[in-house]
Amino acid sequence: MQKRRSHKKSRNGCQNCKKWHTKCDESGPPCNNCTLRKAKCVYHRPKETVNNNNTSLSIRPKSLGNRVAITNAISIERPRGEIGTICAAYGGPSRLLELELMHQWSTVTYRAFCGIPEDVPYLQSFLPRTALQYDFMLNCIMAISSLHIAHSAGETNPTKYINAGLEYYNRGSSSFRLALGKMNPDNAHVLYMFSAIAIAVHLSIPQRASTLDLLIVALDLVNGSTSIGMMGTPWLLNSPLPLRLFVSRMGASKDLIDPDSKAALARLRAINDLRNQVTSAAVSSEIETDKIVEMRDHELYEMAISGLETCYAEEARGLLKGFGTAFPGLAGKPFTALISRSDPFALLIILHWAVLLGKMDQSIWWAAGMAERLAVEISDLLKTSFPELSLEWADSLVWVQDRMGLSWPQSRELSFSSGFSSDSWEEPSLIQECEPFLI
């Protein structure tokens, strides 16, 4: 009896390959043949069985020739929570959502964190590849990319992306805290980038809290990121992150600041001199080394104003994109602690930072979007809680309003000798309000 020849044709090919009598690679849809012929690739396969709790899919593999086929079903776990729901909508365990988010990162979102041209290859390709080894970084990339899509104009259903971003970020945060205690030369740059992107994640999640409360939490994250940068400086300078190049290009001349902004910064220094020239009280702040740093009020505010001046100069030069977002780190932890106490002069300085955020490159969407809300909220707080100081600082407040294009009809008439009471101020007009916090 003649021995039957082995079957070389595909048994589970697409309908087109069967019609064309060609061997299908069964990799589709679409398969390679349909891709080359630009044809619609259709398969007729047995339906997958879904278990009762809808959390996993069971797929039975086909026979593998002479190899022993696996008799038990392969369980493919679907992510729990909102991500599981979204993945199911996109095709279950195929993780098309993750593919969409990685594509979003490598084509658009990464640009929001590029300060110099050399950052592009690092952020666009090296960091995502490295993130495959660090789940906290991979979840962080997914989170910010998902939130970026939610903020994109024309997105018809932002809620699902906001919810996915929240879950990705919560997953990444828990494993990040574990990895932080094991910082080494290999993972220092990954930990630092997580801490930096986490600030953007926090600021881009719609909140029910006020913008100022949101900023206070973000300032704590900035201080944490700065601490990680300080602890890992030797490793970071020799890591794939082009931090050494970034630092080497700092040093913009203060002469680059436009005269109007120079005058505004000079007014802040004059207020500091007037308020704190005879003050002997010190502000204490406890930092990571458990040492106590004491700073006189004048010195503390001057440090913040100098940091703000540096940001204005670097933004005017335009060599280091988004440098203005580094202001909280330059101002120092004692200054950011004053914001949480609603110190009026610290809030006035933050108002001048909001002007800088509002003029920032629109690719830094997570920072530019909060500038107007922050300016309106702080101005209103100063007006209602510190009316006498608001009148005294009217020139500075009017400058902020003019620079940001905010509308207080009565504010232009205010000056040190205007005679207007704080009750004559009208409420600001805010075009875009913060969306509710969705989970």
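Quick note: structure is the one above.
The paragraphs below set out a description of the structure included in this document. (Residues numbered from 1 in each chain as written. Predicted model: local features only at pLDDT ≥ 70, side-chain atom pairs only at ≥ 80, totals over all residues. Heavy atoms only, no water.)

Remarks on the packing of helix 13 (residues 297-317) against helix 15 (residues 333-340)
Here's step 1: The interhelical angle for the contact between helix 13 and helix 15, taken along N-to-C directions, is 100°, at an axis separation of 9 Å. The orientation of helix 13 with respect to helix 15, classified from their angle, is roughly perpendicular. Contacts from L300, Y301 and A304 of helix 13 reach helix 15 at P334, F335 and L338.
Here's step 2: Classifying every residue of the contact of helix 13 with helix 15 gives 6 nonpolar, no polar and no charged. (Axes fitted to C-alpha atoms, helices over the stretch in contact; angles between N-to-C directions. Helix = DSSP H or I, 4+ residues; strand = E, 2+ residues; numbered from the N terminus. Parallel < 35°, antiparallel > 145°, perpendicular 65-115°, else oblique. Contact = heavy atoms within 4.5 Å. Nonpolar A, V, L, I, M, F, W, Y, C, P; charged D, E, K, R; others polar.)

Remarks on the packing of aromatic side chains
Note on aromatic pairs: each is described by the distance of the centres and the angle between the planes.
Here's step 1: This model, assessed by the stated rule, comprises 13 aromatic pairs.
Here's step 2: Relative to F126, the ring of Y122 has its centre 5.9 Å away and its plane inclined at 25°; by these criteria the two rings are stacked. With Y122 and F126 both in helix 5 (residues 119-131) and 4 residues apart, this pair spans about one turn of that helix.
Here's step 3: A residue is classified by how much of its surface remains accessible, and Y122, at 3% relative accessible area, is buried. (Phe/Tyr/Trp six-rings, centres within 6.5 Å; stacked < 30°, edge-to-face > 60°. Buried < 20%, exposed > 50% of the residue type's maximum accessible area, 1.4 Å probe, protein only.)

Some words on the nonpolar core
Here's step 1: Ranked by size, the top nonpolar core spans 108 residues in total, and within it M137, F327, F335 and I349 carry the most contacts.
Here's step 2: Top contributing element to this core by residue count: helix 16 (residues 344-358), with 12 residues.
Here's step 3: Dropping the residues within four chain positions of it, F335 is found in contact with L300, Y301, A304, F327, A346, I349 and I350.
Here's step 4: C14, C31, C34 and C41 belong to the second-largest nonpolar core, a separate cluster that totals 7 residues. (Core = buried A, V, L, I, M, F, W, Y, C linked by side-chain atoms within 4.5 Å.)

Looking at the layout of surface pockets
Here's step 1: Considering only enclosed or pocket space, the largest pocket measures out at about 1200 Å³ in volume.
Here's step 2: Taken together, 42 residues form the lining of the largest pocket, with Y192, L243, F246, T325 and A326 sitting closest to its centre.
Here's step 3: Elements with a contribution of two residues or more to the lining of the largest pocket: helix 5, helix 8 (188-204), helix 9 (211-231), helix 10 (233-237), helix 11 (243-248), helix 14 (327-331), helix 16 and helix 17 (365-368).
Here's step 4: Looking at the lining of the largest pocket, the element that brings in the most residues is helix 9, giving 8 residues.
Here's step 5: Classifying every residue of the lining of the largest pocket by side-chain character gives 32 nonpolar, 8 polar and 2 charged. (1 Å grid on protein atoms, 1.4 Å probe; cavity = no way out; pocket = protein on both sides within 12 Å on 5 of 7 lines; lining within 4 Å. Points joined across faces, edges and corners; volume = space filled by probe spheres on them.)

Observations concerning the side chain of H148
Here's step 1: With respect to the helices and strands, the residue H148 is situated in helix 6 (residues 135-151).
Here's step 2: The buried category is assigned to H148, whose relative accessible area is 11%.

Quick notes on unusual backbone geometry
Both trends apply: most residues other than glycine have a negative phi, and most peptide bonds are in trans.
Here's step 1: A positive phi is found at S342, a non-glycine position, where the angle reads about 55°.
Here's step 2: Considering the arrangement of structural elements, one finds S342 in the loop between helix 15 and helix 16.

Side note on the pattern of salt bridges
Here's step 1: For the coordinates displayed, the defined rule picks out 8 salt bridges.
Here's step 2: With a closest N to O distance of 2.9 Å, R249 and E118 form a salt bridge. Within this pair, whereas R249 is found in the loop between helix 11 and helix 12 (259-276), its partner E118 is found in the loop between helix 4 (96-107) and helix 5, the two being separated by 131 residues in sequence.
Here's step 3: The partner of E167 in a salt bridge is R171, with the nearest N and O atoms 3.4 Å apart. A residue pair is termed a helical-turn pair when its members lie 3 or 4 positions apart in one helix, as E167 and R171 do in helix 7 (residues 158-180) at 4 residues.
Here's step 4: Classification of R171 as partly exposed rests on a relative accessible area of 33%.
Here's step 5: Bridged by salt links that share partners, the residues D258, D260 and R403 form one connected network. (Salt bridge = Lys/Arg side-chain N within 4 Å of Asp/Glu carboxyl O.)

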